[in-house]
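Chains, contacts and geometry: an overview
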Amino acid sequence: MAETLPKVVIIGGGTGLSVLLRGLKKFPVDITAIVTVADDGGSSGRLRNELNIPPPGDIRNVLAALSDVEPLVEELFQHRFNKGNNLIGHSLGNLILAAMTNITGDFVHAIREMSTVLNVRGKVLPAANTSVILNAEMEDGTVVSGESKIPFSGKKIKRVFLSPSKIEPLQETVEVIREADLIIIGPGSLYTSILPNLLVPKIGEEVRKAKAKKVYICNVMTQAGETLDFSASDHVKALYDHMQEAFIDTILVNEEEIPANIKSLYEEELAKPVHYDIEKLKLLGLEVLTDKIVSYENNVIRHDTNKVAKLLYGILQQEMT
């Protein structure tokens, strides 16, 4: 009889999620990635508006990260056109997902078919089977609508919320959360990649109620327009405020000093290393894991996919014994 693999659910979007999945797929785990559908910028936004489909960009990146195909096939799927009036800026993978949605009549079905084509290790599920609009209420009471516009408002975010008011999660998504052995939240933009998933009705509620251990991977750097000057505990409090409940068990934070030359590059974007206020995190009831978990690629800071995956697998093994 085939061995049943431990079930890991990862919730997020953007580059952080894809980076983490590349490491995690090397371990004997059953992965389900729940991915935001709030993106409204770039190629995704154009396809969303023109074809009335959920934005495919984050889904495309996750499919590529979990795929087990020849490098050239993945490169082809991720290829972005830089010429052609209507093609410029589009990635081929986004166009294929749009075409498959058209053929099958359903975005989730399209993702399933593409998962087979790309030999994806695990499941990729959108947070909802329809486009959602992310809105942010700022501290001055104004509301900014559109995921791509929120970080550029120049104001401090008070809270984010979704529209339309009636959004249904996939039943499959609800079930994988209930059955998970480990739930990982992040890494990714707090307000525009992580919270749009948790704010989908029933998803946040199921995560809160789930028996699985919940691990939050804190961002390494702050993000202008979203988390300017945020400490690690500020990130956690924002999640708790939106969910109206404490629900995270463990936080993973980086303890490695960021090199001065890279820090200065990030300062140009008003970003700086997140301050890890360990005592405040402990007061929030969190188990705090610290490690050197950063890698640098072309002077861009990323989580070290292999190190983080190994740490997460270690947590999972503890939970399963």
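Heads up: the structure comes first, above all this text.
Residues numbered from 1 in each chain as written. Predicted model: local features only at pLDDT ≥ 70, side-chain atom pairs only at ≥ 80, totals over all residues. Heavy atoms only, no water.

**Some points on the overall build of the protein chain**
- A count of helices and strands for the protein chain gives 13 helices and 12 strands.
- Relative to the compact-globule value of 20 Å for 321 residues, the protein chain shows a C-alpha radius of gyration of 19 Å, a close match.
- Along the three orthogonal principal directions, the C-alpha set of the protein chain runs to about 55 × 55 × 40 Å.
- Residues classed as buried in the protein chain amount to 52% of the 321 residues present.
- A separation threshold of at least 6 residues defines the contact pool for the protein chain, and within that pool the share at least 24 residues apart is 72%.
- Total accessible area on the protein chain is roughly 14700 Å²; 51% of this is exposed by carbon and sulfur atoms. (Helix = DSSP H or I, 4+ residues; strand = E, 2+ residues; numbered from the N terminus. Rg over C-alpha atoms; globule rule 2.2 N^0.38 Å. Buried < 20%, exposed > 50% of the residue type's maximum accessible area, 1.4 Å probe, protein only. Contact = heavy atoms within 4.5 Å. Areas by Shrake-Rupley, 256 points an atom, 1.4 Å probe, with all protein chains shown as cover.)

**Some points on the side chain of N135**
- Looking at the secondary structure, you find N135 in strand β4 (residues 133-138).
- N135 sits in the buried class, given a relative accessible area of 5%.

**Section: the layout of surface pockets**
- For the largest pocket, the calculated volume is near 1200 Å³.
- Taken together, 38 residues line the largest pocket, and the ones lying closest to its centre are G14, T15, G16, S189 and R302.
- Among the elements of the structure, α1 (14-24), α3 (57-66), α8 (190-198), β11 (294-297) and β12 (300-303) are those that each provide at least two residues to the lining of the largest pocket.
- With 6 residues, the single largest contributor to the lining of the largest pocket is α1.
- Taken together, the residues that form the lining of the largest pocket break down as 11 nonpolar, 19 polar and 8 charged.
- If you trace the second largest pocket, you find it lined by G154, K155, K156, I157, Y191, A224, G225, E226, T227, L228, F230 and L270.
- Its residues assigned to classes, the lining of the second largest pocket shows 6 nonpolar, 3 polar and 3 charged. (1 Å grid on protein atoms, 1.4 Å probe; cavity = no way out; pocket = protein on both sides within 12 Å on 5 of 7 lines; lining within 4 Å. Points joined across faces, edges and corners; volume = space filled by probe spheres on them. Nonpolar A, V, L, I, M, F, W, Y, C, P; charged D, E, K, R; others polar.)

**Topic: the pattern of salt bridges**
- Scanning all chains against the criterion turns up 14 salt bridges.
- Between E205 and K209 there is a salt bridge whose closest N-O contact spans 3.6 Å. Of this pair, E205 and K209 both sit in helix α9 (residues 203-209), separated by 4 residues, roughly a single helical turn.
- When its relative accessible area of 35% is taken as the criterion, E205 is described as partly exposed.
- The exposure class assigned to K209 is exposed, which follows from its relative accessible area of 56%. (Salt bridge = Lys/Arg side-chain N within 4 Å of Asp/Glu carboxyl O.)

**Some thoughts on the nonpolar core**
- Ranked by internal contacts, the top residues of the largest apolar core, which has 99 residues, are L63, I183, Y216 and I251.
- Dropping the residues within four chain positions of it, Y216 is found in contact with I185, L190, I194, H235, V236, L239, I248, T250, I251 and L252. (Core = buried A, V, L, I, M, F, W, Y, C linked by side-chain atoms within 4.5 Å.)

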